[in-house]
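The residues making up each chain are set out below.
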Amino acid sequence: MAFVEFTNVGFSYSHNSPVLHSISFSIERTEHVMLAGTIGAGKSTALKLAVGLFAPDKGSIRVDGISPSIPSLYEIVKRIGVALQNPSDQIFCSTVREEMLYGLRNLGANETSDTFQRTVALFGFSRLLDKHPYDLHPAQRRLLTIASAIAMNTPFYIFDEPTSGISKPERESIVGALHQLRIAGKGYMLITHDLAFGMEHCDRILVFNKGILAVDESLPDFLQRENAQGILKKNGLQMPIVPRMSAQLAQNTITAQYPDFISQLRQQQTSSKQAP
Amino acid sequence: MTAHPNLLLEHFSYTYPFADRPAFTDVSFELLSGETLGIVGPSTSGKTSLLYAIAGILQKHFPAGIMSGNILREAAKPFISPAEIGFVFQDQYMQLSGATETVEAEIAFSLEQLGTPPNIIRERIVEQVSQFHLEHLARRHPQTLSGGETRMLALACEMAKHPRCLLLDQPTESLHPEGINLLINALNRIKQSAMLIVVEHRLELINALCDKVLFLLNGNQQFYGHPSELFSSDIDTHSLDIPSWIDAQRKLLGHVETLSYRKSLRTLQQWHSSNLQT
Ligand SMILES: Nc1ncnc2c1ncn2[C@@H]1O[C@H](COP(=O)(O)OP(=O)(O)OP(=O)(O)O)[C@@H](O)[C@H]1O
Ligand SMILES: [Mg+2]
């Protein structure tokens, strides 16, 4: 059974034309998926439906066999860790420590718990724990939402625009965290306008175009398509430069295949992360 | 055009009340109307605080902070008043007034605050709605917009003011390629008659848009000069997101051992030039 399953899901906000039209996809527990699409395509809406903040008008959604809804929210948050696009929608505690512990306390854990300690270390938050989240830099605030989700130690995560508003050091923290999730056998979905980032850290691509699922394919297969660039363009997106260049170089050599390149890159990163 | 800089900062420093180190120190640059300055550097390096100081926000909200050096907006003739400064915040959600019920009313609201006459407000709404392709959202409640749509509205509200000085804090975040193009076109349009200061991580954009770039690290000015010199200078730029074409070059050259050097160099140069054009 798939972990996150959308079957013919249709949805509209009150009085408006449909935002999602009969969307179907299923994601396994250990998959790493990116969800792209132009602004207003329905990506964040799909996230809100997946965790039960809204109910679909048509079709059905299952998360680990459970139908997400407000009453089942407690069951869902044990299964999917979420970082919303607007960190302010999510942060409401008065210290970084409490914010990161909030969900954990519901699970009966506390500050001494292993996942809390590990997550603090992973994001380098130990010196920030007593700060008020609103005294953090916005980029660190976004990291805090991701860290709080990871501290919950759920099997699956959905991060909405994790790289928005951040610079290189925070990006490195997120990359480190995604690697840890991968090593731990956990799945995630990245909703992102940063296709280069998504392609580096995911194995499957979904593209929404005005509420329609326009692409759902494994990334290596997708990138090897001759018209991958054209498909993205048709859906209002732009192929990032590395795979684009790689495709162009591949016309001259047989070695410059982007998927190989990415898997090598990952192995390097994983082995250098594990080293000491 | 006058040769006097319209905005002049000399050894400008600021420390927030109770902070143990300055937000930024010894920042110096000058800007003429029609010029664009890019500010780069990692988060917490003081970029946003510097924008706040230029806009007069720090002086107003944290008068107990310690400021030294000079900031001369008076250098402009006529003097640039705070009302003539537009500010696009890094967090697009922070920009919404919370006081209006439609996208159009939100654009009007920012102008009403400045006392703009109603007939001009109507013109500006039409202008911005069309510039940022907001037609289908014009009657929607601002709080129901998606992340990228909120960003477009924030840009529209600030540009509607026709500011003489426009400060933008990571304005391309949450936008898709078309949105970024609309933004660049809009900036190019107002560029002639205004000063622009852009904080941005995408160095491609800095290259394409800016006449000058300032690199801040831990509050210290590391570099001030032409964008093309930033990476050729011998300062340490490892804390910056390098432009994606250089990144690609490094990654791919490491990978494609079999490719002859000259051929790859030619391809990369083509990429470089086509990338700078887009
Ligand atoms: N509460 C709401 N009421 C009415 N319409 C809404 C509401 N929330 C979102 N929408 C609309 O639904 C559409 C999809 O929004 P959604 O937030 O899912 O887009 P998105 O793909 O996440 O876009 P972005 O990349 O800009 O964040 C948009 O056109 C948006 O304006
Ligand atoms: Mg969204």
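(A) Spotlight on the site of ligand 1. Among the 18 residues in the neighbourhood of ligand 1, the closest are listed as Thr 45 of chain A together with Arg 140, Ser 146, Gly 148 and Glu 149 of chain B. In this structure ligand 1 sits where residues from chains A and B come together. In this structure, an oxygen atom belonging to ligand 1 sits 3.2 Å away from a main-chain N or O atom of Gly 147 of chain B. Contacts to ligand 1 include Gly 148 of chain B, whose backbone N or O atom sits 2.7 Å from an oxygen atom.

(B) How the structure looks around the sheet that holds strand S6 (residues 156-160) of chain A. Residues and elements named next belong to chain A. The sheet built from 6 strands is open, its strands ordered S5-S6-S7-S3-S8-S9 with mixed pairing. In this open sheet, the two strands that pair with only one neighbour each are strand S5 (80-83) and strand S9 (212-218). Strand-to-strand twist across the sheet, computed as the mean angle between neighbouring axes with direction ignored, equals 15 degrees. Bridging between strand S3 (residues 32-37) and strand S8 (residues 204-209) involves 5 bridges; their strand directions are parallel. When the bridges of S8 are listed, Leu 35 appears paired with Leu 206. Those strands touched by helix H1 (residues 43-50) are S3, S5, S6, strand S7 (187-191) and S8, and its axis lies near 145 degrees from that of S6. Here helix H5 (residues 138-151) sits on the sheet in contact with S5 and S6, set at roughly 165 degrees to S6.

(C) Structural context of the coordination of the magnesium ion (ligand 2). Residue and element names in this part refer to chain A. The magnesium ion (ligand 2) binds to the protein through Ser 44 (OG) and Gln 85 (OE1); the donor distances cover 1.9 to 2.2 Å. Taken together, the residues Ser 44 in helix H1 and Gln 85 in the loop between S5 and helix H3 (96-106) connect sequence positions 41 residues apart. In this structure, Ser 44 and Gln 85 share a single accessibility class: buried.

(D) The arrangement of the domain arrangement of chain B in detail. Residues and elements named next belong to chain B. If you check the domain split of chain B, you get domain 1 (7-80 + 164-242) and domain 2 (96-161). Once you take the C-alpha centre of each, domain 1 and domain 2 turn out to be 25 Å apart. The interface is formed by 16 residues belonging to domain 1 together with 10 residues belonging to domain 2. Carbon and sulfur atoms make up 70% of the surface buried where domain 1 meets domain 2, a total of about 950 Å² over both sides. Our count for the contact surface shared by domain 1 and domain 2 stands at 0 salt bridges. At the junction of domain 1 with domain 2, the criterion picks out 5 residue pairs in polar contact (both at pLDDT 80 or more). A per-element tally of the side of domain 1 that touches domain 2 places helix H6 (residues 177-191) first, with 8 residues. Taken together, the residues of the side of domain 1 that touches domain 2 break down into 9 nonpolar, 3 polar and 4 charged.

(E) Representation of the pattern of salt bridges in the model. The full count for this structure, using the stated rule, is 18 salt bridges over all chains. Arg 97 of chain A serves as the salt-bridge partner of Glu 111 of chain A, at 2.8 Å between the closest nitrogen and oxygen. Highlighted residues: Glu 111 of chain A in the loop between H3 and helix H4 (114-123) and Arg 97 of chain A in helix H3, separated in sequence by 14 residues. We classify Arg 97 of chain A as buried; its relative accessible area is 18%. One salt bridge in this structure joins Arg 139 of chain B and Glu 104 of chain B, with 3.7 Å as the shortest N-O distance.

Procedures and definitions
Every chain's residues receive numbers from 1 upward, in the order its sequence appears when written. Labels follow written order: the first chain is A, the first ligand is 1, and so on. Since the coordinates come from a predicted model, pLDDT governs what is reported: local features require at least 70, and pairs of side-chain atoms require 80 or more to be given and counted, while whole-chain, interface and lining totals use all residues. To get the side-chain values, all heavy atoms of the structure are used, and hydrogens and water are removed first. Near, as used in this document, describes a residue that has one of its heavy atoms within 4 Å of the molecule or strand being considered. Polar contacts, as counted here, are pairs of nitrogen or oxygen atoms within 3.5 Å of one another; within protein the pair requires one atom able to donate a hydrogen and one able to accept it, and residues that are adjacent in sequence qualify only if both atoms are side-chain atoms. When DSSP finds two or more bridges between two strands, those strands count as paired. By the criteria applied, helices consist of DSSP H or I runs no shorter than four residues and strands consist of E runs no shorter than two, each listed in order from the N terminus. Here an angle of 0 to 180 degrees is reported between the N-to-C directions of two axes, which are lines fitted to C-alpha atoms, with helices fitted over the stretch in contact. It only takes one pair of heavy atoms within 4.5 Å for two residues to be counted as in contact. Here the term donor refers to an N, O or S atom within 2.8 Å of the metal (or 3.2 Å for Na, K and Ca), and because water is left out of the atoms, sites may appear incomplete. Exposure categories follow from relative accessible area, calculated using a 1.4 Å probe and restricted to protein chains: below 20% of the type maximum is buried, above 50% is exposed, and the middle band is partly exposed. Throughout the structure description, domain borders are defined by an automatic or database domain assignment. Two parts placed together each lose some accessible area under a 1.4 Å probe, and the buried area is that loss summed for both. Each reported salt bridge corresponds to a side-chain nitrogen of Lys or Arg within 4 Å of a carboxyl oxygen of Asp or Glu. Any residue that is not Ala, Val, Leu, Ile, Met, Phe, Trp, Tyr, Cys, Pro, Asp, Glu, Lys or Arg is counted as polar, Gly included; the first ten are nonpolar and the last four charged.

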